[in-house]
Amino acid sequence: MKVGFIGLGHMGGAIAMNLVKAGHDVTVWNRSPEKAAKLVAAGATLATSPANAAQGEVVMTMLADDKAEEAVVFGDDGILNAPALHVSQSTISVTLAERLTQAHKGCFISAPVFGRPAAAEAASLFVVAAGKPNLLEVAAPLLRNVGQRTFHLGETPSAANLMKLCGNFMVMSAINSMGEAMTLGEKGGIPPAAMLEILTESLFGAPVFKTYGEILVRARFQPAGFAAPLGLKDMTLASSAATTLETPMPFLSAIRNNLLTLIARHGPDIDWAGVALVTRENAGLTASPLKA
Ligand code: NAP
């Protein structure tokens, strides 16, 4: 399929590479063009503008936040009036997804993903897609090359964005609770690795505990696979949706605050799993890596 891909960061670069490997005719665009080099070497074409990347059947976006998505869609040489079907994989606000649906006159799909960059490379992400059934059908062959499974969540694109924000709230909650449990255990003499093994081999065998538990035990917070400021963006978007839908979420407020503390103390170049450091520091432990 002739497809454009816009946004070649940690996630987008890996996803676009899988589309190239799957044999699609891929045209890429990134604000910082040097990130396209590997893809061009692998057979992708470098577009001169977002609109130029959206001349095929589908254009996919995987951008940092609302501001980036707005720039690429509504900005100079944006994709708004280009012929391609827009499939947005970015984690953006519910409000922006609604605006994009209107602006694209319904010809728009939201398809955000669960999974970190390693899962993007392995094409094992989980995709949550929402939009009109005929449009979902057009995007299906591409989404099959992105992840191991695509969930369809009805015809309203913004529902997929709300789903993604709910999921990320739960991921952040899991990281926070593990960080607190491991700190408590460590202060009482239980090695974090032993705690992780017992938890994940008994009641907590879910991928989220295994993946992030390993990151906590090994203190792999840098380089960031999912940077803390992007996590903060997601908790802020979830909070905004909770306000709109009149849903008090006290845990969400607490973990958003922890993420903010992490960034204030350690700077933006740290994985959001680093919230475990905040708990350690608050408990009087040093910010040194958690050890087995
Ligand atoms: P990233 O590595 O920081 O990449 C962000 C991308 O957005 C880059 O291509 C960047 O371009 C572009 N961008 C930022 N501001 C822009 C602007 N104003 N105009 C145009 N382009 C702009 O982020 P990522 O980790 O790939 O995440 C991308 C999206 O996926 C985010 O919405 C994130 O929440 C979501 N997500 C991430 C993960 C994860 O584990 N990393 C997992 C699931 C979902 P430059 O290269 O020029 O900076």
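On a predicted model such as this, the values are computed, not experimentally measured, just so you know.

**Digging into the pairing of strand 2 (residues 25–29)**
Here is step 1 of the chain: A large share of strand 2 lies buried, amounting to 4 of its 5 residues.
Here is step 2 of the chain: Looking at chain direction, strand 1 (residues 2–6) and strand 2 are connected through 5 bridges and run parallel. In the sheet register, glycine 4 faces strand 2, and the bridge partner there is threonine 27.
Here is step 3 of the chain: At this point the chain moves from strand 1, through helix 1 (residues 10–21), to the parallel strand 2, and the crossover so formed is right-handed.
Here is step 4 of the chain: Here strand 2 runs beside strand 3 (residues 45–46); their pairing, made up of 2 bridges, is parallel. Within strand 3, the position partnered with valine 28 by the bridge is leucine 46.

**Some details on the site of the ligand**
Here is step 1 of the chain: Among the 25 residues in the neighbourhood of the ligand, the closest are listed as His10, Asn30, Ser32, Lys35 and Lys233.
Here is step 2 of the chain: At 3.4 Å from an oxygen atom of the ligand is found a main-chain nitrogen or oxygen belonging to glycine 9.
Here is step 3 of the chain: With respect to the ligand, the backbone of glycine 225 contributes an N or O atom lying 2.9 Å from a nitrogen atom.
Here is step 4 of the chain: The fraction of the free accessible surface of the ligand (910 Å²) that becomes covered by protein chains is 88%.
Here is step 5 of the chain: Of all the secondary-structure elements, those providing two or more residues to the shell around the ligand are helix 1 and helix 10 (228–244).
Here is step 6 of the chain: Looking at the shell around the ligand residue by residue, the classes come out as 10 nonpolar, 9 polar and 6 charged.
Here is step 7 of the chain: In terms of domain composition, the shell around the ligand takes at least three residues from each of domain 1 (2–155) and domain 2 (162–282).

**Quick word on the sheet that holds strand 9 (residues 147–152)**
Here is step 1 of the chain: Taken in spatial order, the 3 strands of this open sheet run 7-8-9, and their pairing is mixed. Whereas interior strands pair on both sides, the edge strands pair on one side only; in this sheet they are strand 7 (113–114) and strand 9.

**Observations regarding the side chain of lysine 164**
Here is step 1 of the chain: Counting through the fold element by element, lysine 164 comes out in helix 7 (residues 157–187).
Here is step 2 of the chain: Discounting residues that sit within four places of it in the chain, lysine 164 has contacts with Thr91, Pro112, Val113 and Phe114.

**Description of helix 11 (residues 250–266)**
Here is step 1 of the chain: Taking 1.5 Å per residue, 17 residues should reach 24 Å; helix 11 reaches 25 Å between its end C-alpha atoms and fits that length.
Here is step 2 of the chain: Buried residues in helix 11 make contact with helix 7, helix 10 and helix 12 (275–282).

**Things to note about the packing of helix 7 against helix 12**
Here is step 1 of the chain: Look at helix 7 against helix 12: their axes get within 8 Å of each other, and the N-to-C directions meet at 35 degrees. Viewed along their axes, helix 7 and helix 12 form a crossing whose handedness is right-handed. Contacts from Met172, Ile175, Asn176, Gly179, Glu180, Thr183 and Glu186 in helix 7 reach Val275, Ala276, Thr279 and Arg280 in helix 12.
Here is step 2 of the chain: Grouping the amino acids of the contact of helix 7 with helix 12 by side-chain chemistry returns 4 nonpolar, 4 polar and 3 charged.

**What to know about the packing of helix 10 against helix 11**
Here is step 1 of the chain: Contact geometry for helix 10 and helix 11: axes closest at 10 Å, N-to-C directions at 155 degrees. By the angle class used here, helix 10 and helix 11 are roughly antiparallel. The two elements helix 10 and helix 11 meet at a crossing, and its hand is left-handed. Note on element contacts: helix 11 touches helix 10 through Leu252, Ile255, Arg256, Leu259, Leu260, Leu262 and Ile263, opposite Ala228, Pro229, Gly231, Leu232, Met235, Thr236, Ala238 and Ser239.
Here is step 2 of the chain: Split into classes, the residues belonging to the contact of helix 10 with helix 11 amount to 11 nonpolar, 3 polar and 1 charged.

Calculation rules
- Residues numbered from 1 in each chain as written.
- Predicted model: local features only at pLDDT ≥ 70, side-chain atom pairs only at ≥ 80, totals over all residues.
- Heavy atoms only, no water.
- Buried < 20%, exposed > 50% of the residue type's maximum accessible area, 1.4 Å probe, protein only.
- Helix = DSSP H or I, 4+ residues; strand = E, 2+ residues; numbered from the N terminus.
- Pairing = 2+ DSSP bridges.
- Right-handed = clockwise from strand over helix to strand, strands pointing away.
- Near = heavy atom within 4 Å.
- Polar contact = N/O pair within 3.5 Å; in protein donor to acceptor, adjacent residues only side chain to side chain.
- Areas by Shrake-Rupley, 256 points an atom, 1.4 Å probe, with all protein chains shown as cover.
- Nonpolar A, V, L, I, M, F, W, Y, C, P; charged D, E, K, R; others polar.
- Domains from an automatic or database assignment.
- Contact = heavy atoms within 4.5 Å.
- Expected span 1.5 Å × (residues − 1).
- Axes fitted to C-alpha atoms, helices over the stretch in contact; angles between N-to-C directions.
- Left-handed = near helix turned anticlockwise from the far one by under 90°.
- Parallel < 35°, antiparallel > 145°, perpendicular 65-115°, else oblique.

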